[in-house]
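# Chains, contacts and geometry: an overview
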Amino acid sequence: MGFLDGLWGGRETDFDSGNAATNAIELTKRHHQVSLTKQGAATGHLRVNLSWRMRTSDIGGSSRESLFRHPFKALKPAEIMGHGQSMVNVDLDLGCLYELQDGTKGVVQPLGGYFGDVNAAPYVKLSGDDRFGSASGETMYVNLDHREQIKRLLVFVYIYDQTPAFDRTHAIVTLYPSNGPRIEIHLDERHPQARSCAVVMIENVKGELVVRREVKFVYGFQAELDRLYGWGLQWGRGYKSKVDR
């Protein structure tokens, strides 16, 4: 669906002002984009957060089903029940492919130490690398006061050097604009072999900043996302430093 489709033909719900109860907009396949400009949120620092946790279905399965089949499990300590063969060590990383209006292209990501800069080009900065899926997760900042220099930003998530396990995690990318409701994109689709996921595109469309849900899983890494979206960068094998790891 094109950008203007949300403005005509009764499709105004694509630019929903959010849920009054949660103060959040959830981007879905049906309602997949929102205009930061129309929300009055196209200035200041846009905070992009990645957080994840293991799916409860992979931690001992459903408690009702498990106790029905194995009633003596109720007598076991919770910590024993919580460690099954489905548990894996998952390290999800947050990254961003950027393209500026002057043609400059690049990536912001923990791998290789490309943490970016929020006050100079590319106006995107990653705050750090969370290796354990803590409550705070990983956070990236976009300086929208320089929105005129930004052409497009593709926020993506990838699994670094571990067994593919997007199907065993519940991950969510949340955008916190300087004004208005937060924007949530859930990565709930099951893709057991995927290693990367293009999550959301932030694009400058004739001076209007539009956030569009992508959620496209790929089996490769950044180079495959690059080819999918036509970034045209050169990629090589990268590693985290021992301090980061």
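Residues numbered from 1 in each chain as written. Predicted model: local features only at pLDDT ≥ 70, side-chain atom pairs only at ≥ 80, totals over all residues. Heavy atoms only, no water.

## Some details on the sheet that holds strand E8 (residues 138-143)
Adjacent strands of a sheet pair through backbone hydrogen bonds, lying either parallel or antiparallel. Filter applied, for reference: What makes two strands pair is DSSP finding at least two bridges between them. Secondary structure counts use DSSP, requiring at least four H or I residues in a row for a helix and at least two E residues in a row for a strand, with both numbered from the N terminus.
One open sheet accounts for 7 strands, arranged E1-E11-E10-E3-E8-E7-E6; its pairing is mixed. The open sheet is flanked by strand E1 (24-26) and strand E6 (116-117), the only strands paired with a single partner. Bridge analysis of strand E10 (residues 169-176) against strand E11 (residues 182-187) gives 5 bridges, and the strand direction is antiparallel. Along E11, the bridge assignment pairs Ile 172 with His 186.

## Overview of empty space enclosed by the protein
Short version of the rule: Any residue with an atom within 4 Å of a point lines the site, the site being either a cavity, points on a 1 Å grid over the protein atoms alone where a 1.4 Å probe fits but cannot get out, or a pocket, an open set with protein on both sides within 12 Å along at least 5 of 7 lines. Grid points are joined across faces, edges and corners, and a volume is the space filled by probe spheres set on the points. Under the scheme applied here, ten amino acids are nonpolar (Ala, Val, Leu, Ile, Met, Phe, Trp, Tyr, Cys and Pro), four are charged (Asp, Glu, Lys and Arg), and all others, including Gly, are polar.
Per the counting criterion, the structure on display carries 1 cavity of 30 Å³ or more. Quantified by volume, the largest cavity comes out at close to 30 Å³. The wall of the largest cavity is formed by Ile 25, Leu 36, Gln 39, Ala 41, Pro 177, Asn 179, Gly 180, Pro 181 and Ile 183. Of the residues belonging to the lining of the largest cavity, the class tally is 6 nonpolar, 3 polar and no charged.

## What about the nonpolar core?
Stated formally: In this text, buried Ala, Val, Leu, Ile, Met, Phe, Trp, Tyr and Cys residues form a nonpolar core when linked through side-chain atoms within 4.5 Å. Three labels apply to residues, based on accessible area from a 1.4 Å probe with only protein chains included: buried if under 20% of the type maximum, exposed if over 50%, partly exposed otherwise in between. Working rule for contacts: check all heavy atoms of both residues, and any pair within 4.5 Å makes them a contact.
Ranked by size, the top nonpolar core spans 46 residues in total, and within it Leu 92, Val 157, Leu 175, Ile 183, Ile 185, Leu 187 and Val 211 carry the most contacts. Discounting chain neighbours no more than four positions away, the residues touching Val 211 are Leu 27, His 32, Gln 33, Val 34, Leu 36, Leu 175, Ile 183, Val 200, Met 201 and Ile 202. Formed by 13 residues, the second largest nonpolar core is a distinct cluster that contains Leu 154, Ala 198, Val 218 and Trp 231.

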